[in-house]
Amino acid sequence: MAIAVQTDMSTPALARVGNDRLKREFLAPSIAGDLVSCLGVSEPGAGSDVASIKTRAERKGDDLIINGQKMWITNGCQADWICLLANTSAGPPHRSKSLMCVPMDTKGITIAKRIDKMGMRSSDTAQIFFEDVRVPADSIIGEEGMGFTYQMQQFQEERMAGIALSLAPMDLIINQTIEYARQRQAFGRSILDNQVVHFTLAELQTEVELLRSLLYRAVESYVAGQDVTELVSMGKLKSGRLVREVSDKCLQFWGGMGFTNEVLVSRMYRDLRLLSIGAGADEVMLGIICKFMGTLPAPAR
(Lines give C-alpha, C1' and ligand atoms only; values in the text may rest on other atoms or scores of the structure.)
Protein backbone atom coordinates (compact mmCIF):
# COMPACT_ATOMS: atom_id res chain seq x y z
CA MET A 1 0.00 0.00 0.00
CA ALA A 2 2.75 2.45 0.98
CA ILE A 3 4.73 1.65 -2.17
CA ALA A 4 1.65 1.90 -4.42
CA VAL A 5 1.02 5.42 -3.09
CA GLN A 6 4.58 6.33 -4.00
CA THR A 7 4.63 4.77 -7.48
CA ASP A 8 1.06 5.14 -8.74
CA MET A 9 -0.73 7.84 -6.77
CA SER A 10 1.50 10.74 -5.69
CA THR A 11 4.16 10.82 -8.45
CA PRO A 12 2.63 10.14 -11.92
CA ALA A 13 1.67 13.78 -12.60
CA LEU A 14 5.02 15.00 -11.32
CA ALA A 15 6.84 12.57 -13.61
CA ARG A 16 4.67 13.55 -16.58
CA VAL A 17 4.45 17.36 -16.36
CA GLY A 18 6.56 18.55 -13.39
CA ASN A 19 9.30 21.15 -13.85
CA ASP A 20 12.99 20.29 -13.51
CA ARG A 21 13.32 21.66 -9.96
CA LEU A 22 10.42 19.63 -8.65
CA LYS A 23 11.68 16.48 -10.35
CA ARG A 24 15.14 16.93 -8.83
CA GLU A 25 13.87 17.83 -5.37
CA PHE A 26 10.94 15.41 -5.04
CA LEU A 27 10.73 12.83 -7.82
CA ALA A 28 14.34 11.62 -8.06
CA PRO A 29 14.76 10.97 -4.30
CA SER A 30 11.31 9.33 -4.22
CA ILE A 31 12.37 6.93 -6.97
CA ALA A 32 15.63 6.29 -5.10
CA GLY A 33 13.68 5.50 -1.93
CA ASP A 34 15.20 8.38 0.00
CA LEU A 35 11.87 10.25 0.39
CA VAL A 36 8.38 9.02 1.21
CA SER A 37 5.43 10.73 -0.48
CA CYS A 38 1.69 10.93 0.04
CA LEU A 39 -1.26 12.23 -1.96
CA GLY A 40 -3.46 14.98 -0.53
CA VAL A 41 -6.82 15.01 -2.30
CA SER A 42 -9.59 13.78 0.03
CA GLU A 43 -11.13 16.07 2.64
CA PRO A 44 -13.81 15.56 5.30
CA GLY A 45 -16.46 16.89 2.89
CA ALA A 46 -14.92 15.77 -0.39
CA GLY A 47 -13.81 12.19 -0.93
CA SER A 48 -14.79 10.80 -4.32
CA ASP A 49 -16.26 14.23 -5.18
CA VAL A 50 -12.89 15.82 -5.94
CA ALA A 51 -14.40 18.98 -7.44
CA SER A 52 -15.75 19.94 -4.00
CA ILE A 53 -12.44 20.26 -2.15
CA LYS A 54 -12.06 23.42 -0.04
CA THR A 55 -8.31 23.67 0.59
CA ARG A 56 -6.93 26.88 -0.95
CA ALA A 57 -3.49 27.99 -2.11
CA GLU A 58 -3.54 31.76 -2.66
CA ARG A 59 -0.73 33.51 -4.47
CA LYS A 60 1.18 36.14 -2.49
CA GLY A 61 4.11 37.53 -4.45
CA ASP A 62 6.26 34.61 -5.56
CA ASP A 63 4.72 32.26 -2.98
CA LEU A 64 1.55 30.28 -2.35
CA ILE A 65 -0.19 30.43 1.05
CA ILE A 66 -2.06 27.19 1.76
CA ASN A 67 -4.98 26.81 4.17
CA GLY A 68 -7.28 23.84 4.65
CA GLN A 69 -7.26 20.22 5.68
CA LYS A 70 -6.91 16.75 4.17
CA MET A 71 -8.37 13.46 5.38
CA TRP A 72 -7.65 9.73 4.84
CA ILE A 73 -4.09 10.44 3.69
CA THR A 74 -2.16 7.18 3.30
CA ASN A 75 1.53 7.53 4.31
CA GLY A 76 0.58 10.90 5.86
CA CYS A 77 2.27 10.21 9.20
CA GLN A 78 5.62 9.26 7.67
CA ALA A 79 5.69 11.24 4.41
CA ASP A 80 8.49 13.67 3.59
CA TRP A 81 6.34 15.51 1.04
CA ILE A 82 2.76 15.64 -0.16
CA CYS A 83 1.36 15.94 -3.67
CA LEU A 84 -1.40 18.36 -2.72
CA LEU A 85 -4.52 19.32 -4.66
CA ALA A 86 -5.78 22.79 -3.76
CA ASN A 87 -7.89 25.57 -5.22
CA THR A 88 -5.68 28.27 -6.76
CA SER A 89 -8.42 30.42 -8.32
CA ALA A 90 -12.14 31.11 -8.06
CA GLY A 91 -12.98 29.78 -11.52
CA PRO A 92 -15.06 26.74 -12.54
CA PRO A 93 -14.37 23.78 -10.19
CA HIS A 94 -12.69 21.72 -12.90
CA ARG A 95 -10.34 24.57 -13.89
CA SER A 96 -9.61 26.17 -10.51
CA LYS A 97 -7.36 23.55 -8.93
CA SER A 98 -3.63 22.86 -9.04
CA LEU A 99 -1.40 20.02 -7.89
CA MET A 100 1.71 21.05 -5.97
CA CYS A 101 4.65 19.55 -4.10
CA VAL A 102 4.79 20.55 -0.43
CA PRO A 103 7.47 19.39 2.05
CA MET A 104 5.75 17.95 5.12
CA ASP A 105 8.15 19.73 7.49
CA THR A 106 6.98 23.14 6.26
CA LYS A 107 5.81 25.47 9.04
CA GLY A 108 2.04 25.41 9.46
CA ILE A 109 1.49 21.71 8.65
CA THR A 110 0.00 19.69 11.50
CA ILE A 111 -0.64 15.95 11.48
CA ALA A 112 -3.73 15.96 13.67
CA LYS A 113 -4.01 12.21 14.19
CA ARG A 114 -3.29 8.75 12.87
CA ILE A 115 -6.73 7.39 11.99
CA ASP A 116 -7.78 4.13 13.68
CA LYS A 117 -9.11 1.93 10.87
CA MET A 118 -10.88 -1.43 10.87
CA GLY A 119 -8.52 -2.77 8.19
CA MET A 120 -5.19 -1.96 6.50
CA ARG A 121 -3.97 -1.36 10.04
CA SER A 122 -0.26 -1.57 9.17
CA SER A 123 -0.71 1.37 6.78
CA ASP A 124 -0.70 4.81 8.41
CA THR A 125 -3.60 7.09 7.47
CA ALA A 126 -3.56 10.71 8.61
CA GLN A 127 -5.70 13.79 9.06
CA ILE A 128 -3.59 16.83 8.13
CA PHE A 129 -4.17 20.56 8.69
CA PHE A 130 -2.57 23.41 6.73
CA GLU A 131 -2.45 26.87 8.35
CA ASP A 132 -0.73 29.65 6.38
CA VAL A 133 1.69 27.17 4.83
CA ARG A 134 4.06 29.05 2.51
CA VAL A 135 5.71 27.40 -0.51
CA PRO A 136 7.24 28.82 -3.73
CA ALA A 137 4.73 29.37 -6.52
CA ASP A 138 6.80 27.16 -8.81
CA SER A 139 5.85 24.24 -6.56
CA ILE A 140 2.81 23.83 -8.83
CA ILE A 141 3.01 20.68 -10.97
CA GLY A 142 2.49 21.48 -14.65
CA GLU A 143 0.06 24.26 -15.53
CA GLU A 144 -1.80 26.20 -12.87
CA GLY A 145 -5.51 25.36 -12.95
CA MET A 146 -4.94 21.93 -14.51
CA GLY A 147 -4.79 20.06 -11.21
CA PHE A 148 -8.21 18.45 -11.52
CA THR A 149 -7.34 17.06 -14.96
CA TYR A 150 -3.94 15.83 -13.79
CA GLN A 151 -5.56 14.16 -10.79
CA MET A 152 -8.11 12.38 -12.97
CA GLN A 153 -5.17 11.03 -14.98
CA GLN A 154 -3.41 9.97 -11.78
CA PHE A 155 -6.57 8.20 -10.68
CA GLN A 156 -6.31 5.84 -13.67
CA GLU A 157 -2.90 4.67 -12.51
CA GLU A 158 -4.07 4.50 -8.89
CA ARG A 159 -7.07 2.37 -9.85
CA MET A 160 -4.97 0.02 -11.98
CA ALA A 161 -2.60 -0.36 -9.02
CA GLY A 162 -5.58 -1.13 -6.79
CA ILE A 163 -6.75 -3.88 -9.15
CA ALA A 164 -3.23 -5.32 -9.31
CA LEU A 165 -2.88 -5.27 -5.53
CA SER A 166 -6.10 -7.27 -5.17
CA LEU A 167 -5.05 -10.23 -7.32
CA ALA A 168 -2.33 -11.85 -5.19
CA PRO A 169 -4.38 -11.70 -1.94
CA MET A 170 -7.33 -13.36 -3.68
CA ASP A 171 -5.10 -16.08 -5.15
CA LEU A 172 -3.56 -16.61 -1.73
CA ILE A 173 -6.74 -16.93 0.31
CA ILE A 174 -8.34 -19.23 -2.30
CA ASN A 175 -5.30 -21.53 -2.16
CA GLN A 176 -5.14 -21.41 1.63
CA THR A 177 -8.85 -22.20 1.79
CA ILE A 178 -8.36 -25.20 -0.50
CA GLU A 179 -5.65 -26.60 1.78
CA TYR A 180 -7.62 -25.95 4.97
CA ALA A 181 -10.86 -27.38 3.57
CA ARG A 182 -8.98 -30.47 2.34
CA GLN A 183 -7.64 -31.18 5.85
CA ARG A 184 -10.74 -30.22 7.83
CA GLN A 185 -13.20 -33.05 8.39
CA ALA A 186 -16.97 -32.89 8.91
CA PHE A 187 -19.44 -35.79 8.80
CA GLY A 188 -16.78 -38.29 7.84
CA ARG A 189 -15.17 -36.49 4.89
CA SER A 190 -13.16 -33.39 4.10
CA ILE A 191 -14.97 -30.08 3.70
CA LEU A 192 -13.41 -29.77 0.23
CA ASP A 193 -15.17 -32.93 -0.96
CA ASN A 194 -18.53 -31.16 -0.75
CA GLN A 195 -19.48 -30.07 -4.26
CA VAL A 196 -20.69 -26.66 -3.12
CA VAL A 197 -17.22 -25.97 -1.70
CA HIS A 198 -15.01 -27.02 -4.60
CA PHE A 199 -17.44 -25.60 -7.18
CA THR A 200 -17.57 -22.26 -5.33
CA LEU A 201 -13.77 -22.07 -5.21
CA ALA A 202 -13.60 -22.88 -8.92
CA GLU A 203 -16.04 -20.07 -9.69
CA LEU A 204 -14.06 -17.61 -7.58
CA GLN A 205 -10.77 -18.51 -9.27
CA THR A 206 -12.42 -18.06 -12.66
CA GLU A 207 -13.54 -14.56 -11.68
CA VAL A 208 -10.03 -13.70 -10.48
CA GLU A 209 -8.54 -14.79 -13.82
CA LEU A 210 -11.08 -12.69 -15.73
CA LEU A 211 -10.17 -9.65 -13.65
CA ARG A 212 -6.47 -10.31 -14.26
CA SER A 213 -7.08 -10.35 -18.01
CA LEU A 214 -9.04 -7.08 -17.84
CA LEU A 215 -6.15 -5.46 -15.95
CA TYR A 216 -3.56 -6.64 -18.49
CA ARG A 217 -5.70 -5.29 -21.32
CA ALA A 218 -6.11 -1.95 -19.55
CA VAL A 219 -2.39 -1.61 -18.82
CA GLU A 220 -1.46 -2.51 -22.39
CA SER A 221 -3.90 0.08 -23.75
CA TYR A 222 -2.69 2.72 -21.26
CA VAL A 223 0.95 2.19 -22.25
CA ALA A 224 -0.13 2.57 -25.89
CA GLY A 225 -1.56 6.01 -25.04
CA GLN A 226 -5.24 5.13 -25.20
CA ASP A 227 -7.97 6.47 -22.93
CA VAL A 228 -8.67 3.63 -20.49
CA THR A 229 -11.06 5.48 -18.16
CA GLU A 230 -14.06 3.26 -18.91
CA LEU A 231 -12.11 0.00 -18.79
CA VAL A 232 -10.25 0.93 -15.61
CA SER A 233 -13.51 1.99 -13.95
CA MET A 234 -14.99 -1.40 -14.82
CA GLY A 235 -11.95 -3.15 -13.42
CA LYS A 236 -11.95 -1.07 -10.24
CA LEU A 237 -15.66 -1.77 -9.72
CA LYS A 238 -15.20 -5.50 -10.32
CA SER A 239 -12.13 -5.65 -8.09
CA GLY A 240 -13.86 -3.99 -5.15
CA ARG A 241 -16.82 -6.33 -5.39
CA LEU A 242 -14.85 -9.48 -6.10
CA VAL A 243 -12.49 -9.13 -3.13
CA ARG A 244 -15.53 -8.90 -0.88
CA GLU A 245 -17.05 -12.01 -2.43
CA VAL A 246 -13.83 -14.01 -2.34
CA SER A 247 -12.92 -13.11 1.24
CA ASP A 248 -16.49 -13.67 2.49
CA LYS A 249 -17.03 -17.03 0.79
CA CYS A 250 -13.59 -18.33 1.67
CA LEU A 251 -13.95 -17.23 5.29
CA GLN A 252 -17.20 -19.23 5.51
CA PHE A 253 -15.37 -22.45 4.68
CA TRP A 254 -12.96 -21.88 7.59
CA GLY A 255 -15.85 -22.11 10.05
CA GLY A 256 -15.12 -20.81 13.54
CA MET A 257 -11.41 -20.47 12.77
CA GLY A 258 -12.28 -17.92 10.10
CA PHE A 259 -13.76 -15.67 12.77
CA THR A 260 -10.46 -15.43 14.62
CA ASN A 261 -7.46 -13.16 14.08
CA GLU A 262 -5.19 -16.20 13.82
CA VAL A 263 -5.72 -16.78 10.09
CA LEU A 264 -5.01 -14.61 7.05
CA VAL A 265 -8.49 -14.87 5.57
CA SER A 266 -10.03 -12.87 8.44
CA ARG A 267 -7.47 -10.11 7.93
CA MET A 268 -8.19 -10.04 4.20
CA TYR A 269 -11.92 -9.84 4.98
CA ARG A 270 -11.18 -6.55 6.81
CA ASP A 271 -8.37 -5.18 4.66
CA LEU A 272 -9.82 -5.72 1.20
CA ARG A 273 -13.10 -3.98 2.05
CA LEU A 274 -11.28 -0.72 1.33
CA LEU A 275 -11.17 -1.41 -2.41
CA SER A 276 -14.85 -0.53 -2.89
CA ILE A 277 -14.28 2.83 -1.17
CA GLY A 278 -10.76 4.13 -1.81
CA ALA A 279 -9.67 5.71 -5.12
CA GLY A 280 -13.30 6.28 -6.05
CA ALA A 281 -16.25 4.42 -4.54
CA ASP A 282 -18.17 1.73 -6.44
CA GLU A 283 -20.98 4.18 -7.03
CA VAL A 284 -18.59 6.67 -8.65
CA MET A 285 -17.25 3.91 -10.92
CA LEU A 286 -20.81 3.06 -11.95
CA GLY A 287 -21.47 6.71 -12.76
CA ILE A 288 -18.36 6.88 -14.97
CA ILE A 289 -19.32 3.68 -16.79
CA CYS A 290 -22.87 4.95 -17.33
CA LYS A 291 -21.49 8.22 -18.71
CA PHE A 292 -19.50 6.30 -21.33
CA MET A 293 -22.56 4.17 -22.11
CA GLY A 294 -24.72 7.25 -22.58
CA THR A 295 -27.17 6.19 -19.87
CA LEU A 296 -26.32 8.73 -17.15
CA PRO A 297 -29.16 11.23 -16.61
CA ALA A 298 -28.32 14.89 -17.22
CA PRO A 299 -27.61 16.80 -13.96
CA ALA A 300 -30.52 18.76 -12.55
CA ARG A 301 -30.38 22.48 -13.31
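Residues numbered from 1 in each chain as written. Predicted model: local features only at pLDDT ≥ 70, side-chain atom pairs only at ≥ 80, totals over all residues. Heavy atoms only, no water.

Draft legend 1. Representation of the UniProt feature "domain: Acyl-CoA oxidase/dehydrogenase middle" (unreviewed entry) in the protein chain within the structure. Here, the residues flagged by UniProt with the feature "domain: Acyl-CoA oxidase/dehydrogenase middle" (unreviewed entry) are residues 38–133. Counted over residues 38–133, helix gives 0% and strand 51%. Its end C-alpha atoms are 17 Å apart. (UniProt positions renumbered as here; feature names shortened; annotations may be inferred. Helix = DSSP H or I, 4+ residues; strand = E, 2+ residues; numbered from the N terminus.)

Draft legend 2. Representation of the pattern of salt bridges in the model. Under the definition given, this model contains 16 salt bridges. A salt bridge links Arg-59 to Glu-144, with the shortest nitrogen-to-oxygen separation between them at 2.9 Å. In this pair, Arg-59 sits in strand E2 (residues 56–60) while Glu-144 sits in the loop between strand E7 (125–136) and helix H4 (147–183), placing the two residues 85 residues apart along the sequence. Arg-59 sits in the partly exposed class, given a relative accessible area of 47%. The network of salt bridges with shared partners includes Arg-21, Glu-25 and Asp-138. (Salt bridge = Lys/Arg side-chain N within 4 Å of Asp/Glu carboxyl O. Buried < 20%, exposed > 50% of the residue type's maximum accessible area, 1.4 Å probe, protein only.)

Draft legend 3. Geometry of the state of the cysteines. Applying the stated criterion to the full structure yields zero disulfides. Its sulfur unpaired, Cys-83 is 5.9 Å from the next cysteine sulfur, which belongs to Cys-101. (Disulfide = S-S within 2.5 Å.)

Draft legend 4. Spotlight on the packing of helix H5 (residues 195–223) against helix H6 (residues 229–253). Closest axis-to-axis distance for the H5/H6 pair is 10 Å, and the angle between their directions is 160 degrees. By the angle class used here, H5 and H6 are roughly antiparallel. Relative to H6, the crossing made by H5 is left-handed. Contact with H5, carried on its side by Val-196, Val-197, Thr-200, Leu-201, Leu-204, Glu-207, Val-208, Leu-211, Leu-214, Arg-217 and Ala-218, involves Leu-231, Val-232, Gly-235, Lys-238, Ser-239, Leu-242, Glu-245, Val-246, Lys-249, Cys-250 and Phe-253 of H6 and no other residues of that element. Grouping the constituent residues of the contact of H5 with H6 by class yields 14 nonpolar, three polar and five charged. (Axes fitted to C-alpha atoms, helices over the stretch in contact; angles between N-to-C directions. Parallel < 35°, antiparallel > 145°, perpendicular 65-115°, else oblique. Left-handed = near helix turned anticlockwise from the far one by under 90°. Contact = heavy atoms within 4.5 Å. Nonpolar A, V, L, I, M, F, W, Y, C, P; charged D, E, K, R; others polar.)

Draft legend 5. Quick look at helix H7 (residues 264–271). Val-265, Ser-266, Met-268 and Asp-271 are the residues of H7 that are buried. Among the structural elements, H4 and H6 are those in contact with the buried residues of H7.

Draft legend 6. Structural detail: the nonpolar core. Core analysis: the biggest nonpolar cluster contains 31 residues, and Met-170, Leu-201 and Val-246 have the highest contact counts within it. Taken together, the elements giving at least two residues each to this core come down to H4, H5, H6 and H7. Ranked by residue count, the leading element in this core is H6, at eight residues. For Leu-201, the residues in contact, after removing those within four places along its chain, are Ile-174, Thr-177, Ile-178, Leu-192, Cys-250 and Phe-253. The next biggest cluster of nonpolar side chains, apart from the first, holds 23 residues, and it includes Ala-13, Leu-27, Cys-83 and Phe-155. (Core = buried A, V, L, I, M, F, W, Y, C linked by side-chain atoms within 4.5 Å.)

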